[in-house]
Amino acid sequence: MAWDEWDQLKASAADKGSAQMQLNGIPDEDKPNSGNPNAGDLRVDQQDLAAIGDEAFKLYNRLWKEARVTSTDTTASDLSGQGFALGAALQHVSTRWDKQLGSVMDACALISNHMDYTKNAHAGDEVFIARRVSSIHTLDAGFDEAWAAPGKPNGIYGEKPKKDED
């Protein structure tokens, strides 16, 4: 391609008002799908995580049962043995299919395992927080009970001085 032709193509593209990069935003046509920008933080509960992990596990099992093609290997070797070039091509497609299927199945297993791990980790965090909060409450209750009846002010500090009313 000659340099002049390249300059012509660039000028033609600039005249047509080609698409430009857009930073810090999304295209207008995608805005209805972007959700409410004032909705707050992302929230996920245990049921959501379990559902995602369960679907990934189901997909993994379906891929194992329904997507594997084992008959092509013997067909490819038979065709190659009879001198057909189609045999080698079929073997190539079969090998690529197995490799791609393995990648998708690995991704499903990773998602399923990660959701199980995340669910368990968050459950552990909840237990840890509950223990911390309950131990503070128990500690506070112990201080209250040592000097006064529950719910009564601690008399060791004396009475509050009354404000002079003028």
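All chains use their own residue numbering, which begins from 1 and follows the written sequence. Where local features are concerned, this predicted model is filtered to residues with pLDDT of at least 70; where side-chain atom pairs are given and counted, the filter is 80 or more; whole-chain, interface and lining totals use all residues. In computing side-chain values, all of the structure's heavy atoms are included and hydrogens and water are not.

As annotated in an unreviewed UniProt entry, the protein carries the name AG1 protein and is attributed to Streptomyces zhihengii.

A. The overall build of the protein, seen in detail. Helix and strand labels come from DSSP, where a helix needs a run of H or I of at least four residues and a strand needs a run of E of at least two; each type is numbered from the N terminus. Scanning the protein for helices and strands turns up 4 helices and 0 strands. Of the regular secondary structure in the protein, the N- to C-terminal order runs α-α-α-α. Here, residues are in contact when the closest pair of their heavy atoms is within 4.5 Å. A fraction of 62% describes how many contacts in the protein between residues 6 or more apart in sequence connect residues 24 or more apart.

B. Summary view of helix 2 (residues 46–67). A helix's residues, less one, multiplied by 1.5 Å, set its expected span. Under the 1.5 Å per step criterion, the end-to-end length of helix 2 is 30 Å for 22 residues, consistent within 8% with the ideal 32 Å. Buried residues of helix 2: Leu 49, Gly 53, Ala 56, Leu 63 and Ala 67, and no others. Here the buried residues of helix 2 occupy an arc of 105° about the axis, which is enough to place them on one side. Pointing more than 90 degrees away from the buried face of helix 2 are the exposed residues Gln 47, Arg 62, Lys 65 and Glu 66. Think of it in three bands: residues with accessible area under 20% of the maximum for their type are buried, residues over 50% are exposed, and the middle band is partly exposed, with areas taken using a 1.4 Å probe on protein chains only. Read the arc as the range of directions from the helix axis to the C-beta atoms.

C. How the structure looks around the environment of Leu 63. On the secondary structure map, Leu 63 appears in helix 2. Exposure remark for Leu 63: the relative accessible area of 15% places this residue in the buried category. Note: C-alpha distance between Leu 63 and Gly 102 (39 residues apart in sequence) is 9.4 Å. Excluding anything up to four places from it in sequence, Leu 63 contacts Arg 68, Leu 101, Val 104, Met 105 and Cys 108.

D. Main features of the pattern of salt bridges. For this document, the term salt bridge refers to a Lys or Arg side-chain nitrogen within 4 Å of an Asp or Glu carboxyl oxygen. If you walk through the whole model with that rule in mind, you get 3 salt bridges. One salt bridge connects Asp 54 with Lys 58, and the closest N-O pair in it is separated by 3.4 Å. Here the residue Asp 54 and the residue Lys 58 both occupy positions in helix 2, the gap between them amounting to 4 residues, near one helical turn. For Lys 58, the salt bridge is made with Glu 55, and the minimal N-O distance between the two is 3.6 Å. Placement of both Lys 58 and Glu 55 in helix 2 is noted, with a separation of 3 residues, approximately one turn of the helix. A residue is classified by how much of its surface remains accessible, and Lys 58, at 42% relative accessible area, is partly exposed. A single salt-bridge network, built from bridges that share partners, covers Asp 54, Glu 55 and Lys 58.

E. Local environment of a nonpolar patch on the surface. A patch is a set of surface residues, each over 30% in relative accessible area and not in a salt bridge, joined within 9 Å for like charges and within 5 Å for the nonpolar side chains Val, Leu, Ile, Met, Phe, Trp and Tyr. For accessible areas, the Shrake-Rupley method is used with a probe of radius 1.4 Å. Any residue's cover is judged against the shown protein chains and nothing else. Together, Trp 3, Trp 6 and Leu 9 make up a nonpolar patch on the protein surface, roughly 380 Å² of accessible area in all. Along the chain, the position of Trp 6 falls in helix 1 (residues 3–15).

F. A look at the nonpolar core. Only buried residues count toward a nonpolar core, which is a set of Ala, Val, Leu, Ile, Met, Phe, Trp, Tyr and Cys residues joined through side-chain atoms within 4.5 Å. Listed in full, the 5 residues of the largest apolar core are Leu 63, Ala 67, Leu 101, Met 105 and Cys 108. Elements represented by at least two residues in this core include exactly helix 2 and helix 4 (85–147). If one sorts the elements of this core by residue count, helix 4 sits on top with 3 residues. For Cys 108, the contacting residues outside a window of four places in its chain are Ala 56, Leu 59, Tyr 60 and Leu 63.

G. Representation of the side chain of Thr 72. Of note, Thr 72 is situated in helix 3 (residues 71–81). Among the residues examined, Thr 72 registers a relative accessible area of 17% and is labelled buried. Within the structure, the side chain of Thr 72 is placed 3.1 Å from the side chain of Ser 94, a separation counted as a polar contact. In this structure, Thr 72 is in contact with Leu 90 and Ser 94, ignoring residues within four places of it in sequence. Contacts described as polar in this section are N or O atom pairs within 3.5 Å, which, within protein, must combine one atom able to donate a hydrogen with one able to accept it, while residues neighboring in sequence count only if both atoms come from side chains.

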